[in-house]
Structures are given as C-alpha cells and as structure tokens.
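Summary of structural features
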Amino acid sequence: MTWQAPWMLFGLILVPLLGVLYWWRETRHPAPTVVFPGASEIGALVHPVKRWLRHLPVVLRLAGLSFLIIALARPQLALEEEKITTEGIDIVLTLDISSSMLARDLKPDRITAAKNVAGEFVRGRQNDRIGLVMFAGESYTWCPLTMDYDVLEELLSRVEAGTGQIQDGTGIGKAIATGTNRLRESNAKSKVLILLTDGVNNVDQPDPLTATRAAQALGVKIYTIGVGSRGTAPAPIQSPGGGIQFRNMQVEIDEALLKQIAEMTGGMYFRATSTESLRDIYSQIDRLEKTELDIEHMRRWEERFMPYALTALILLLIERLLTAFWLRNLAS
C-alpha cells in the first residue's frame, strides 16, 4: 500500500484534538439547563446507556472525518505484473538403431540407455519443439517437431534396435539429411540436431560432410555423441541357428568424422562410455541450449480510496440522521 497524497494524513492529528476539545467543553462548560421542580426524579428515569448515547454523534463525526482524511490521502495498491517472452529452440534427436546398439557395454544396453537418457532430456525441456529421427542403413522421422512431450516420450519408449525392419548399417549422412529436413521450415531462434551413433558411416549417399554443409547453410547446430566403451564390448551376432549370441567385439567409432561434423556447425562432439557419462553429456547440452526468457516487469496502481470515502459518507450521514431525529435536543 502506498499514498498518492501522504501529507493529507497529517490531518488525522485534528481528530484527537477535536475529541479533547469536545470533552473539555462537556466537563467545564456544560450546556445551559432549565431547572424544574422534581427534575432529579425525572433524570433517574433515564437509562444510563441512553445518557451516553448523546455522545454518539460526536464519535460518528470524528470517525467519519478520519476516514475522509484517509480517502483524501488516496491510498493505492501496487500490482506487479510480468510479461514473459520466450523464443523456443527446435531440437531433433537423431538416434542410431542399428543392431550394434544392442551391445551391452552400457547398462542394460546401448539403445535402452540412449532412450532412457533422451527421455530425461525431453522431460527437462520447456517451450521447445522436439522431434525424433531414427536411422540405421536408412533413416526416417519417428516423430515430427512437437511440444507434446507425453506423446514424444511414448514414441521414444517404442524405439527398438536391430529389428530388421529397415536395412542395417550406419548412414550418418542420411541421418543428418533427414534431421536437417525436419528443421528446414523452422523459424526458431536456435535449431539443434543431436546425433547419437556407435559406429562408422558405411552408406555412401549422401556423404556425411555434404549433408553437414547443407545443415550449416540452414543454421543448424549439430551435437554429435559417440556411444560405446573403449576397447571391446559384448555385441550381438547372428548365430548359425538363427538366434542372437553375444561376443566381445572391437568398438569402432569414427570420432574424427563426428568431431568434424560438430565443428563445422558450431556444435560439440562427446564420447559416452557409460550410461552415467551419457547422462552428463545430455546435461551439458541442456545447459548450452537453454531457452532465453525476456522478462518485462510492469507495475500498475489501483486506487483504494473509495471504501474509505464511502465509510466516511455513511458515518456522517448516520450522525446527521441521529442528530436531526432520534437525539435532537430541546434547543432545536
């Protein structure tokens, strides 16, 4: 609460002064009276409460004057408002689902760890559109850019690796091309592609660097993640009987290519050798690609004098009515 005319509050000093003046007049200079025989007996018939009620108009007048002074000081209430403007980021998560993503050097395996950590990343975002692209020997859009994170997480949970539904392999160029195409029409302040893979590009067209130059031209920043332990890892291989067996296989990731892709677009390359390190990588990207909030503080004032003015008016009106009718004296 604040006051538009705070100096008016000094008028409240008059209220106790007027009260003291009234008391002094009542005790030192009582009003003239006419004495009648037997007046003491008549006075005894008047109830003590009624005798005190003759002071009520003065009390009402002083209270009304107090509220009137407060109203003239114009009390105001400051109302704070915030106008928040956001410029969201469009992000495409590009996930390798080749059969090698079933390797168990991350717990429980690479694809499950990648899905779980990506889900945590999605849950931590706000005001951003996020899409999903899956790739192996081919690539396709699993979910277009959306802010419906519940649907996004549901689709992410259904991702499987090595199912044979698409050609196996590692088409990094195709993954970048598909992800970039998702961001082609984006008007977001920042366009980001996060590419996670555990292998070496083995698909000729399009060439990964050619696809990267196209992404660069569209202002797409690419973060690349090589996932897999160093050395060997238990990887799935097809057994003669048609089943899957796990053998320790050499982990091969084209880190030089992934670094070059990231550097060309202003992104960064990361190596994830465990589920914990993968989680740390997504946390770093989350901090690097935060949506900026433009917060404008506004203050407006709401007048609060009216309740005080109305109270003063009601009190003074009651005082006038009491004086004019119920408590009028003989002199009138």
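Structure: above.
Residues numbered from 1 in each chain as written. Predicted model: local features only at pLDDT ≥ 70, side-chain atom pairs only at ≥ 80, totals over all residues. Heavy atoms only, no water.

For strand β3 (residues 89–96), the tally of buried residues reaches eight of eight residues, placing the bulk of the element in the interior. Side chains Ile89, Ile91, Leu93 and Leu95 project from β3 onto one buried face, and the interleaved Asp90, Val92, Thr94 and Asp96 project onto a second face that is buried too. Judged from the seven bridges that link them, β3 and strand β6 (residues 190–197) form a sheet pairing that is parallel. Paired with Asp90 across the two strands is Lys191, which belongs to β6. Relative to strand β4 (residues 129–135), β3 is paired through seven bridges, and the arrangement is parallel. Residue pairing for β4: Val92 is matched across the bridge by Gly131. As a crossover connection, the stretch from β3 through helix α5 (residues 110–123) into β4 is right-handed. (Buried < 20%, exposed > 50% of the residue type's maximum accessible area, 1.4 Å probe, protein only. Helix = DSSP H or I, 4+ residues; strand = E, 2+ residues; numbered from the N terminus. Pairing = 2+ DSSP bridges. Right-handed = clockwise from strand over helix to strand, strands pointing away.)

With that settled, consider the side chain of Thr180. The residue Thr180 is located in helix α7 (residues 172–183) in this model. By relative accessible area, which is 4% here, Thr180 ends up buried.

This next bit is on the packing of α5 against helix α10 (residues 275–288). The axes of two packed helices give the description: the angle between them and the distance between them. Taken N-terminus to C-terminus, the directions of α5 and α10 make an angle of 30°; their axes are 10 Å apart at the nearest point. Comparing their axes, α10 and α5 come out roughly parallel. The handedness of the crossing between α5 and α10 comes out as right-handed. Contacts between α5 and α10 involve Ala113, Ala114, Val117, Ala118, Glu120 and Phe121 from the former and Thr275, Leu278, Arg279, Tyr282, Ile285 and Asp286 from the latter. (Axes fitted to C-alpha atoms, helices over the stretch in contact; angles between N-to-C directions. Parallel < 35°, antiparallel > 145°, perpendicular 65-115°, else oblique. Left-handed = near helix turned anticlockwise from the far one by under 90°. Contact = heavy atoms within 4.5 Å.)

Fair warning: the whole summary comes from geometry, so function is off the table for now.
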